[in-house]
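# Structural overview
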Amino acid sequence: MQTHGEALKPIRSLEDAVERCQVLGMRLSRQRRYILELLWQDQEHLSAREIYDRLNCQGKEIGHTSVYQNLEALSEQGVIECIERADGRLYGNISDAHSHVNCLDTQQIIDVHVDLPPELIQQIEAQTGVNITEYRIDFYGYRKASSEPIGE
């Protein structure tokens, strides 16, 4: 769901993420580009450690500190998503308002865009007196035994 007001264009591709960095005046260092490319390539929610490991396995030399600093800068500016979990932070490529399906079998988090019916939004607004400008829903469940993993 789009936010109301002067919202920036949603980031839906690597090119959008790069463009957002430029619009914000963020320097697009080699390390920052590596991180953005990895998040868009893998389409997963990853910890800083996983990002560090995957980049170095690809032969892209980047230090721990650089990974953490760049992830902080990118998430603070809304270029990437940061999810706070009990076991640490996870970073994802989609930063605009969206929902998550949390697989309890694999611990995978799958991004989904959900548009609730306007009548439901109006009902919630009437009950709470709050004008809804955006929403994020967390769904939880188990994979069906017969289904293929998403993205395979």
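Please read all numbers here as calculations on a predicted model, not as lab measurements.

Let us look at the nonpolar core. Residues Ile35, Ile51, Leu71, Leu74, Val79 and Ile80 are the most contacted members of the largest nonpolar core, which totals 24 residues. At the level of elements, helix H1 (14-23), helix H2 (30-42), helix H3 (48-57) and helix H4 (64-76) are the ones that each hand at least two residues to this core.

Across the sheet, which stays open at both edges, the 3 strands sit in the order S4-S3-S5 with mixed pairing between neighbours. Every interior strand has two partners, whereas the edge strands, strand S4 (109-112) and strand S5 (138-141), have only one. For this sheet the average axis-to-axis angle between neighbouring strands, irrespective of direction, equals 20 degrees.

For the chain, the average pLDDT comes to 88, and 90% of its residues sit at 70 or higher. When the criterion is pLDDT under 50, residues 1-6 qualifies, and its contacts beyond four places in sequence or with other chains add up to 12 contacts.

Scanning the entire structure with this criterion turns up 8 salt bridges. Between Glu37 and Arg33 there is a salt bridge; the shortest N-O distance is 3.8 Å. Placement of both Glu37 and Arg33 in helix H2 is noted, with a separation of 4 residues, approximately one turn of the helix. A residue is classified by how much of its surface remains accessible, and Glu37, at 23% relative accessible area, is partly exposed. By relative accessible area, which is 33% here, Arg33 ends up partly exposed. For Arg54, the salt bridge identified is with Asp42, shortest N-O distance 2.6 Å. One end of the pair, Arg54, is in helix H3; the other, Asp42, is in helix H2, with 12 residues separating them in the sequence.

Packing of H2 against H4 leaves a shortest axis separation of 10 Å and a crossing angle of 70 degrees. Judged by the inter-axis angle, H2 sits roughly perpendicular to H4. Here H2 contributes Gln31, Arg32, Ile35 and Leu36 to the contact with H4, which in turn contributes Ser66, Val67, Asn70, Leu71, Ala73 and Leu74.

Once that is clear, we can look at the state of the cysteines. A full pass over the atoms with the stated rule returns 0 disulfides. With no disulfide of its own, Cys21 has Cys82 as its nearest cysteine by sulfur position, at a separation of 16 Å. What makes Cys21 buried here is its relative accessible area of 0%. You can call Cys82 partly exposed: its relative accessible area is 29%.

So, how was this worked out
- Within every chain, residues take consecutive numbers counted from 1 along the sequence as written.
- Residues qualify for local features only when their pLDDT is at least 70, as the model is predicted, and side-chain atom pairs are given and counted only at 80 or more; totals for whole chains, interfaces and linings, by contrast, use all residues.
- Side-chain measures here rest on the full set of heavy atoms in the structure, leaving out hydrogens and waters.
- Here the nonpolar core consists of buried residues drawn from Ala, Val, Leu, Ile, Met, Phe, Trp, Tyr and Cys, with membership extended through side-chain atoms lying within 4.5 Å.
- Three labels apply to residues, based on accessible area from a 1.4 Å probe with only protein chains included: buried if under 20% of the type maximum, exposed if over 50%, partly exposed otherwise in between.
- Secondary structure elements are defined from DSSP: runs of H or I of at least 4 residues count as helices, runs of E of at least 2 residues count as strands, and each element is numbered from the N terminus.
- Two strands form a pair only when DSSP identifies at least two bridges running between them.
- Axis geometry follows a simple rule: fit a line to the C-alpha atoms, using only the stretch in contact for helices, then measure angles between N-to-C directions, giving values from 0 to 180 degrees.
- On a scale of 0 to 100, pLDDT captures the predictor's confidence in every residue.
- In what follows, residue pairs with any heavy atoms lying within 4.5 Å of each other are defined as contacts.
- The working definition used for a salt bridge is a side-chain nitrogen of Lys or Arg within 4 Å of a carboxyl oxygen of Asp or Glu.
- Here the angle decides the label: under 35 degrees means roughly parallel, over 145 means roughly antiparallel, 65 to 115 means roughly perpendicular, and every other value means oblique.
- Working definition: a disulfide is two cysteine sulfur atoms within 2.5 Å of each other.

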